[in-house]
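# Examining the three-dimensional arrangement
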Amino acid sequence: MYSALKLGLCLATILLAACAPPNADYDVVILGGRVMDPETNFDAVRNVGIKNGRIVAITEESIAGTQTIDASGHVVSPGFIDTEQHGLGPWGIKVNLRDGVTTQMDFEVGAANIAEWYAARQGKMQANFGTVVGQEFARMRIHDGLKLEGPNVSMPHFFDYRAEAAKDGVDGWSVSRSSVEQMNEITRILDEGLRQGAIGVGSTIGYAQKGITTYEMFEAQRAAARYGRLTAVHHRFHPSAATPTEAPTGVNEVLVNAMVLKAPLQVHHDNDYGWWENQEKLALAREQGHNVWATYYPWIAGSGNYGASVVAPDTWEKAMGYKYEETIYDPQLDRYVTKKEFLEFKKNEPGRTLIAYSPPRKQWLPEWTKVEHFVIAGDGMPGLDIKGNRLGWDAPYEDFAGHPRAAGTHATALRVARENGVPLMHTIGQLSYWSAKHIGDTGLKAMQERGRMQEGMVADIAIFDPQKVTEHATFKGGTNGLPSTGIPYVLVNGTIVVRDSKVLKDVYPGQPIRFPIEETGRFVAATGESWLKTYTIKTNPPTIDIEDSVLNPDEAKGATTGAQSSLAPETRPEQHKVTIAKGESAGGLFVREPEALAEIAGHSHGDDDFRPHEPIDAHSIPGRRDDQFAMTATD
Ligand SMILES: [Zn+2]
Ligand SMILES: [Zn+2]
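Residues numbered from 1 in each chain as written. Chains lettered and ligands numbered in written order. Predicted model: local features only at pLDDT ≥ 70, side-chain atom pairs only at ≥ 80, totals over all residues.

### A few points about the nonpolar core
For clarity, the cut-off: When buried Ala, Val, Leu, Ile, Met, Phe, Trp, Tyr and Cys residues are joined through C-beta atoms within 7 Å, the set is termed a nonpolar core. Residues are called buried when their C-beta atom has 20 or more other C-beta atoms within 10 Å, exposed when it has 12 or fewer, and partly exposed otherwise; all C-beta atoms are positioned from the backbone. Counting from the N terminus, the helices are the DSSP runs of H or I reaching at least four residues and the strands are the DSSP runs of E reaching at least two.
Among the nonpolar cores identified, the biggest contains 145 residues, and I30, V76, L190, I463, V490 and L491 are the most heavily contacted of them. Looking at this core, the element that brings in the most residues is strand β1 (residues 26-37), giving seven residues. One finds M381, L391, A395 and A401 within the second-largest nonpolar core, a separate group that totals 13 residues.

This is the structure in structure tokens:
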């Protein structure tokens, strides 16, 4: 498609500018493709002219440029935007470019040291990059004592930090509850990240549901809300199907916070039990003007290993009702295993990789492709080989060992949607526009000018064959990381980075997706004093002397009165001693129940179902078969 003749002439010419054809008004022209724009529903064969990184012409007239792409028979689409991509090393970014992804961000784990993080990536990324500030990292600082310095406190290095946090045998970030002062320190870290330009707050509360209280989560979302920015969440109880910890309960928590705070919310990987309920609530909230949405990845299996408790007979057989020979696939054997084989591997090779199919997802997947505002995010994991070594940019695609969603998510979505008669414009909305729209609506300019094929927009573009585009990454060993085909050209900020289905080496057109750094932060400590002043009426005489007694543990000693106890029994001095360190941010009102205090004095361990080091990828553990869905699906 690219004019090899023209390139040859260019290379032979000393002055590059001299090789542009006469009247080359553009840096790049894309000729004769079907241009599709989900925002305006524009859908027609046009020529596209690109200059200085922008789409400057979408026209029927013939145009010429320094570089020419013949896009006949192909769709010219806004580049895909992935907000949950953990495979952010050179190999992961490369394979995702083959999948059409021009903006690759991790809104789940996020990063620490936001300004440094962006600075270190400037001019060095093949795709656009951006991050949220990570709640988990903030908790590691406060509850595990980690310093977390430098620009790489993010994926793909994240698991190194989890390992460091676990060195003392306790994942403080996961299981430790915060005192009021610690909660404020965590919120202060989030605020600092937002001040430095983070896109929002990223929460992994689903891995820290023992440690993060509802009030701490509310405060985390409020930190982002003070800037009008999003919180993105791997929510509590994901993907439980059991009452009273059903997954939608975890969505309720963050959705209520988002609604009362009038704050944007992205729910991660809503492709398990209860997704229909979550989608319905998000849609109803959007109807009321709330900027809330969710992502999914279009795969019917998760990956993990034989030692994971979720696939042990008690859970897998008894609670989920699955049969091993129908659901547990061994990528090395390339077949399903019997229960006997499963138990042998569990005993002898607990770290061995397995693929856990989720029978209900077969039924769910085609429906996900039809839901509006349900955006596709790969949830791709870091590029590692079978021995756990990091893959370099040049590593063969065959060497990747992991869930194929790291490589083929976006082409899979296009294929599944095609096979199910989904209008292509809708699918491009899921792949690009709706992410740009919702994130842009938080005030982020970089997303207001992406995800759209319109004059004036940034030229992030994926060019694909709508009939043939498909994934090749599968669950079978040796194929996990095979790149998608049918997406021969990808442009990032107007620069061709995939040409004739090859990623160009040492081409780094990726731009930062971020907010500007602000002079001052917006942190406000949560205190009992401010709570009482805001939410209780004034009385004469005042019930308590808030300034002097309640908030200051030392002065409160011996000052306990009947009136005090009746307002806030937890303000008894001995409780202050345990839970509130001295300091201006101490808030006596938020103290815990006495019997629970002993627990937070030391660490406690997480609940078995949601162990943070659970080797199976908990994002993808299937939910129980669901009758409610079966009913609605036949309507
Ligand atoms: Zn997750
Ligand atoms: Zn994830």
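What follows continues from the structure just given.
### Here's the deal with the sheet that holds strand β15 (residues 335-336)
We count it as follows: For two strands to be treated as a pair, DSSP must find at least two bridges joining them.
What the four strands build is an open sheet, ordered β13-β16-β14-β15; its pairing is antiparallel. A single partner strand is all that each edge strand has here, and the edge strands are β13 (301-305) and β15.

### Quick look at the environment of V29
So the rule is basically this: By the convention adopted here, residues make contact when the C-beta atoms placed from their backbones lie within 7 Å.
Looking at the element boundaries, V29 is found in strand β1. Residue V29 is classed as buried on the basis of its C-beta count, with 25 C-beta atoms lying within 10 Å. Between the C-alpha atom of V29 and that of I63, which follows or precedes it by 34 residues, the distance is 7.1 Å. Other than its neighbours up to four places away in sequence, V29 contacts N47, V48, G49, I63, A64, G65 and T68.

### Re the packing of helix α9 (residues 247-261) against helix α10 (residues 275-287)
Selection rule: As a rule, the C-alpha atoms of each element are fitted with a line to give its axis, helices using only the stretch in contact, and angles between N-to-C directions run from 0 to 180 degrees. Every angle not falling under 35 degrees, over 145, or within 65 to 115 is termed oblique; those three ranges are roughly parallel, roughly antiparallel and roughly perpendicular. Polar here means any residue other than Ala, Val, Leu, Ile, Met, Phe, Trp, Tyr, Cys and Pro, which are nonpolar, and Asp, Glu, Lys and Arg, which are charged; Gly is therefore polar.
Taken N-terminus to C-terminus, the directions of α9 and α10 make an angle of 10°; their axes are 10 Å apart at the nearest point. Here α9 lies roughly parallel to α10, going by the angle between them. For the pair formed by α9 and α10, the contact residues are P248, V251, L255 and M259 on the first element and E277, N278, K281 and A285 on the second. Counted by class, the contact of α9 with α10 contains five nonpolar, one polar and two charged residues.

### Some thoughts on α9
Put simply, the test is: Expected helix span is taken as 1.5 Å per residue step, with the number of steps being one fewer than the number of residues.
The terminal C-alpha atoms of α9, which comprises 15 residues, lie 22 Å apart, in line with the 21 Å expected from a rise of 1.5 Å per residue. All of the buried residues in α9 are A247, P248, G250, V251, E253, V254, L255, N257 and A258.

### A closer look at the confidence of the model for the protein
Filter applied, for reference: Confidence of the predictor at the level of single residues is captured by pLDDT, which takes values from 0 to 100.
Counting all residues, the mean pLDDT for the protein is 86, and 82% of those residues have values of 70 or more. Residue range residues 548-586 is modelled with pLDDT below 50. Its contacts to residues more than four positions away, or to other chains, number 71 contacts. Confidence drops under a pLDDT of 50 for residues 594-635, and excluding neighbours within four residues, the segment shows 83 contacts in the predicted structure.

### Comments concerning the environment of V311
Along the chain, V311 falls in the loop between β13 and α11 (313-319). Between the C-alpha atoms of V311 and I328, which are 17 residues apart in sequence, the distance is 8.6 Å.

### Focus: helix α15 (residues 405-419)
Selection criterion: Two axes define the bend at a residue: one fitted to the seven residues ending there, one fitted to the seven starting there, and the bend is the angle between them.
The largest bend in α15 is about 40°, located at A411. Summarising burial for α15: 13 of the 15 residues are buried, a large majority. Just downstream of α15, G421 is the residue with a positive phi angle, here 70°.

### Regarding unusual backbone geometry
H238 connects to P239 through a cis peptide bond whose omega is -5°. A cis geometry characterises the amide bond from T243 onward to P244, with omega recorded as 0°. Position of P244 among the secondary structure elements: in the loop between β10 (230-233) and α9. With phi around 50°, N52 is a residue other than glycine that occupies positive phi space.

### Some words on the environment of G351
On the secondary structure map, G351 appears in the loop between α13 (339-348) and β16 (353-357). What makes G351 exposed here is the crowd of 10 C-beta atoms within 10 Å. In contact with G351, other than residues within four places in its own chain, are N305 and G307.

### Some details on the pairing of strand β2 (residues 42-51)
In terms of strand pairing, β1 meets β2 through eight bridges, oriented antiparallel. Within β2, the position partnered with R34 by the bridge is V45. A loop of four residues connects β1 with β2, the two strands running antiparallel in sequence, and N41 in this loop sits at a positive phi of about 65°. Looking at chain direction, β2 and strand β3 (residues 54-59) are connected through five bridges and run antiparallel. Bridging across to β3, V48 finds its partner in I58. Here β2 folds back onto β3, and the loop between the two strands holds two residues, one of which, N52, carries a positive phi near 50°.

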